[in-house]
Amino acid sequence: MTNSATSHLLPVFARVDLGFESGEGCWLTSTNGERYLDFTSGVAVNALGHCHPHLIKALQEQATKLWHMSNLFKSPDGEKLAARLCEQSFADFVFFCNSGAEAMEGVIKVVRRYQFSKGHPERYRLVTFEGAFHGRTLGTLAATGSAKYLEGFGPPMDGFDQVPHGDIEAVKKAIGPNTAGILIEPVQGEGGVRSAPQSFFKALRQLCDEKGLLLAFDEVQTGMGRTGDLFAYKRVGVTPDVMSLAKALGGGFPIGAVLATAEAASGMTPGSHGSTFGGNPLAISAANAVLDVMLKPGFFDHVQKMSLLLKQKLASVVDRYPAVLSEVRGEGLLVGVKAVVPSGDLVNALRDQKLLTVGAGDNVVRFLAPLIVTEAEIDQSVQMLERACAALSATQLKKAAG
């Protein structure tokens with residue numbers, strides 16, 4: 001990990017000394033001409049790979065018409081995108097913003113404002129879960145609750161009660177007279193590709209219904225096909241009242257969204273929320289183009305088929321290298337490999353083999369292939385993993401011998 005001494009970029013990222021100049025499909029070409037198989041997808045953003053022709057066409061056409069006009073005026077294409085998202089989900093209303101953290105701020109505001117509008121202003125707290133990641137703003141950091149992200153930014157914003165992931169009794173104990181809702185990721189991405197059983201999600205839904213709370217899903221990483229369906233809530237068999245989207249929604253162009261039922265959104269009146277850039281024409285055109293591709297017959301069948309193939313092949317490598325890898329986990333193409341060696345060492349070894357992956361909590365390395373990945377590319381990625389494991393095993397043997 002290096003940072004250029006002459007860089008004027010704020011040094012908040014531990015950047016790898018590697019840059020890219022172009023990409024096509026699942027492949028990136030570095031500034032020195034080397035090709036890398038991209039299983040980071042910009043951290044689950046480039047769901048349709050790089051330079052998808054339909055996305056390029058949509059953005060190029062929109063770029064010659066209109067870039068920005070603010071939310072003071074009607075947005076015909078925004079209306080179209082919102083209607084399509086509602087048609088494909090539980091939602092009645094959509095609010096567009098620019099990022100996952102903004103979408104999560106919107107979700108928190110919807111939940112709190114709902115209780116306020118129902119005559120319960122004292123209900124403002126959300127139950128959240130250990131291992132979660134909801135964003136980098138002060139509000140979403142407080143919801144995340146991780147000490148390493150909160151350090152040095154003053155007292156955490158009040159209003160979040162964190163409990164162990166998957167522990168329904170802890171959730172029940174955390175609910176009190178000030179509780180407004182429950183916030184959870186269908187699969188924890190940053191937390192190490194961790195999921196809870198369907199029975200847990202069903203129990204959360206039941207608790208919310210019994211106590212007049214809203215159930216909020218953070219689908220910033222799991223949404224837009226990553227888990228094998230357009231939205232992950234369909235796979236856990238529980239419908240939330242409000243959820244966030246971002247990352248893959250624009251296929252690489254920044255856009256986020258808050259989706260809510262009419263009931264959950266009943267407190268969101270004119271002036272209660274807003275965004276200057278949210279729903280700008282360029283972002284909307286990109287997201288509509290993403291939906292065009294994802295809603296074609298067979299798209300999610302392909303994702304599920306590639307998921308099964310990848311997980312089977314990864315499991316066989318785990319079996320052969322038990323001193324390096326211990327487990328494969330995940331849904332769809334949100335796949336994690338739990339490492340025995342430090343996960344950073346595995347990420348580096350994979351990069352040496354020209355495979356790009358991304359770390360996560362719980363010593364997990366995420367394999368986030370573009371959803372258009374082919375069987376041949378999955379085979380290549382597994383061969384790269386095998387070579388990386390062999391190199392790491394050889395290093396272990398040298399250390400043991402020395």
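Definitions and cut-offs
Residues numbered from 1 in each chain as written. Predicted model: local features only at pLDDT ≥ 70, side-chain atom pairs only at ≥ 80, totals over all residues. Heavy atoms only, no water. UniProt positions renumbered as here; feature names shortened; annotations may be inferred. Helix = DSSP H or I, 4+ residues; strand = E, 2+ residues; numbered from the N terminus. Buried < 20%, exposed > 50% of the residue type's maximum accessible area, 1.4 Å probe, protein only. Contact = heavy atoms within 4.5 Å. Polar contact = N/O pair within 3.5 Å; in protein donor to acceptor, adjacent residues only side chain to side chain. Pairing = 2+ DSSP bridges. Axes fitted to C-alpha atoms, helices over the stretch in contact; angles between N-to-C directions.

Describing the UniProt feature "modified residue: N6-(pyridoxal phosphate)lysine" (unreviewed entry) in the chain
Mapped onto the present numbering, the UniProt feature "modified residue: N6-(pyridoxal phosphate)lysine" (unreviewed entry) falls on Lys-247. When you line up the elements, Lys-247 lands in the loop between strand E11 (242–245) and strand E12 (256–260). The class for Lys-247 is partly exposed, based on a relative accessible area of 22%. Beyond its immediate chain neighbours, meaning those up to four positions away, Lys-247 contacts Val-43, Ala-44, Val-45, Val-220, Gln-221 and Ile-255. Engagement of the side chain of Lys-247 in a polar contact is seen with the backbone oxygen of Val-43, the distance being 2.9 Å.

A short note on the sheet that holds strand E1 (residues 20–24)
Reading across from one edge, E1-E2-E3-E15 is the order of the 4 strands in this open sheet, with mixed pairing throughout. Looking at strand neighbours, the two that pair on one side only are E1 and strand E15 (355–356), the edges of this open sheet.

Quick look at the sheet that holds E11
With mixed pairing, the 7 strands of this open sheet are ordered in space as E4-E12-E11-E10-E7-E5-E6. Each having just a single partner strand, strand E4 (93–97) and strand E6 (160–163) make up the two edges of the open sheet. Ignoring strand direction, the axes of neighbouring strands in this sheet form an average angle of 20°. Note: strand E10 (residues 214–218) against E11, 3 bridges, orientation parallel. The partner of Asp-218 across the bridge, within E11, is Ser-244. This element, helix H3 (residues 76–87), spans E4, E11 and E12 of the sheet and lies at about 125° to E4.

Some thoughts on unusual backbone geometry
Despite not being glycine, Ala-44 shows a phi value in the positive range, around 65°. Inspection of the secondary structure assignment puts Ala-44 in helix H1 (residues 41–44).

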